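Report on the structure
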Amino acid sequence: MPLDDALRARIVASVDEGFDAQIAFAQDLIRFPSTRGNEAGVQDFVQAALEARGYAVERFAMDRAALAKHPGAGRWDEGHSEAPIVVATHRPRRETGRSLILQSHVDVVPAGPARMWTHPPFDPVIEGDWLYGRGGADMKVGAAANIFVLDALRRVGLQPAARVHVQSVVEEESTGDGALMTHLKGYKADAVLIPEPEEEMLVRANVGVIWFKVEVAGKPVHVREMGAGANAIDAAYRVIGALRGLEAEWNARKAGRPHFENEAHPINLNIGRIEGGDWASSVPCRCRLDCRVSIYPGVRAQDAAAEIEARVAAFAARDPYLAANPPAVIFNGFFAEGYVLEPGSEAEATLARAHESVTGEKLKSFMTAGYLDARVHALYDRVPALCYGHRSENIHGFDERASIASIRRVTKAMALFVADWCGVESA
């Protein structure tokens, strides 16, 4: 049953009461430079905060063998994080409501050159309405909100009348294996809410993502005799051209896909890193491309990977040099399928009520062409996975920042959603 006006007002006022502490907590999270493989410190901090609130906390490691058996797991390589995953559980005295997972990730992408930032990337400065810092918008302010919405209920003497898991994961930016590990450990609920930076909208559809490397060998000689050698970097650029052709074909397949057919370019291939050669006066003997490409929901990662391999092999067979020296394609990260959140669930209706109560506007939905951990819960738990969060700018770029006014609105909507979805009992 929807919340009455008086209770909604009390919960919203409680969010306001604790909001300064919530932003300070988010700033503490941002100060941890938790790039891939370096997340243990911030997970220690999150665990201590959850234990101090009296929740039952489980901390567990990545299970490489278990992940390898699952079709949705990323490909493990030497860069894979082995930082722990932290899950806190609230259990009511009497379970009368619907259970919920509140999930966030604490891994962040590299900051790049500090000189390109207005403020140091891990110095969470506030200017006007903006909270700056790498990983703040994506998504440490969401991680803070997951904890502080439950705090807001406690301040008015209430707690969820259902089981709630607060999940802090890693590897969201690289494989999605952190969220998948919570699934493999048996954590499941009637709905999931992930407060990613989604412009105060609900994600209706989300692409899958594949990471892969292409390794090209050359024939090194002195540049004065370069006609007798083979430049691996030049050859790699020719492979990129073939991959761009595949990207164009995949974009043409948007026809008939309702969440994608009106997008100009829903499928994006990114050449994220190129490394090759040893010496300016030597024809390079090697070149490696690090690539990321998206795939439509319903397309299996295995099928898309096979198409990538086949395209590179077919191009190499026609290339005078590569025919005798075929490139290697190595999958080394995301191997994830996309998902569609079908409308009509009670969880979505509950979030829509909460959003409209706070903002006075109807909840909008959209397609986002990036990876989201919601795919784990949508595809493998088959429960409503709601990705909804604050407004932001420059995520994964310089001067990443989150709107403080938006964080406040979203936290209020989240608190109302939790109270309505789970029900409440006396704390």
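Notes on the structure follow. (Residues numbered from 1 in each chain as written. Predicted model: local features only at pLDDT ≥ 70, side-chain atom pairs only at ≥ 80, totals over all residues. Heavy atoms only, no water.)

1. Regarding the sheet that holds strand S18 (residues 401-403)
Pairing is antiparallel in the open sheet, where four strands are placed in the order S4-S5-S18-S17. Both outer strands of the open sheet, strand S4 (126-127) and strand S17 (392-393), are each paired with one neighbouring strand and no more. Together, S4 and strand S5 (130-132) form the strand contacts of helix H1 (residues 5-30), whose direction differs from that of S5 by roughly 25°. Strands S4, S5 and S18 of the sheet are contacted by helix H10 (residues 404-422), whose axis makes an angle of about 60° with S18. (Pairing = 2+ DSSP bridges. Helix = DSSP H or I, 4+ residues; strand = E, 2+ residues; numbered from the N terminus. Contact = heavy atoms within 4.5 Å. Axes fitted to C-alpha atoms, helices over the stretch in contact; angles between N-to-C directions.)

2. Details of the environment of Ala242
With respect to the helices and strands, the residue Ala242 is situated in helix H6 (residues 232-252). Placed 43 residues apart in sequence, Ala242 and Cys285 show a C-alpha to C-alpha distance of 21 Å. Contact partners of Ala242, with chain neighbours within four places excluded, come to Arg311 and Phe315.

3. Some thoughts on the pairing of strand S12 (residues 286-295)
Within a regular beta strand, the side chains point alternately toward one face of the sheet and then the other, so they alternate between its two faces. Where burial is concerned, most of S12 is hidden: eight out of the ten residues are buried. Where strand S10 (residues 208-217) and S12 come together, ten bridges link them in antiparallel fashion. Note that in S12 the partner of Glu215 across the bridge is Arg288. (Buried < 20%, exposed > 50% of the residue type's maximum accessible area, 1.4 Å probe, protein only.)

4. A short note on the pattern of salt bridges
A full pass over the atoms with the stated rule returns 25 salt bridges. In this structure, Lys412 engages Asp16 in a salt bridge whose closest nitrogen and oxygen atoms are separated by 3.1 Å. Here Lys412 is found in helix H10, whereas its partner Asp16 is found in helix H1, with 396 residues between them in sequence. A residue is classified by how much of its surface remains accessible, and Asp16, at 32% relative accessible area, is partly exposed. As a salt-bridge pair, Glu346 and Arg353 come within 3.5 Å of each other at their nearest N and O atoms. What emerges from the salt-bridge pattern is a single network uniting Arg273, Glu275, Arg288 and Asp290. (Salt bridge = Lys/Arg side-chain N within 4 Å of Asp/Glu carboxyl O.)

5. Some remarks on the environment of His165
Within the fold, His165 resides in strand S7 (residues 164-169). Judged by its relative accessible area of 4%, His165 is buried. In this structure, His165 is in contact with Val87, Ala88, Thr89, Leu100, Ile101, Leu102, Tyr187 and Lys188, ignoring residues within four places of it in sequence. Side chain to side chain, His165 and Thr89 meet in a polar contact 2.8 Å long. (Polar contact = N/O pair within 3.5 Å; in protein donor to acceptor, adjacent residues only side chain to side chain.)

6. Focus: the layout of surface pockets
Space inside the largest pocket adds up to approximately 1,200 Å³. Lining the largest pocket we find 35 residues, and of these Val109, Glu173, Trp211, Phe334 and His396 sit closest to its centre. Where the lining of the largest pocket is concerned, the elements lending two or more residues are S10, strand S11 (269-276), S12 and strand S13 (328-336). (1 Å grid on protein atoms, 1.4 Å probe; cavity = no way out; pocket = protein on both sides within 12 Å on 5 of 7 lines; lining within 4 Å. Points joined across faces, edges and corners; volume = space filled by probe spheres on them.)

7. Looking at the packing of aromatic side chains
Using the criterion set out here, one finds eleven aromatic pairs in the structure. Here Trp117 and Phe398 contribute two aromatic rings whose centre-to-centre distance is 6.4 Å and whose plane-to-plane angle is 80°, an arrangement assigned as edge-to-face. Of the two residues, Trp117 is situated in the loop between strand S3 (100-105) and S4 and Phe398 in the loop between S17 and S18; the sequence distance between them amounts to 281 residues. Seen in terms of ring centroids, Trp211 and Phe334 are 5.5 Å apart; in terms of plane orientation they differ by 85°. Their pairing is edge-to-face. Taken as a pair, Trp211 in strand S10 and Phe334 in strand S13 lie far apart in primary sequence, 123 residues in all. (Phe/Tyr/Trp six-rings, centres within 6.5 Å; stacked < 30°, edge-to-face > 60°.)

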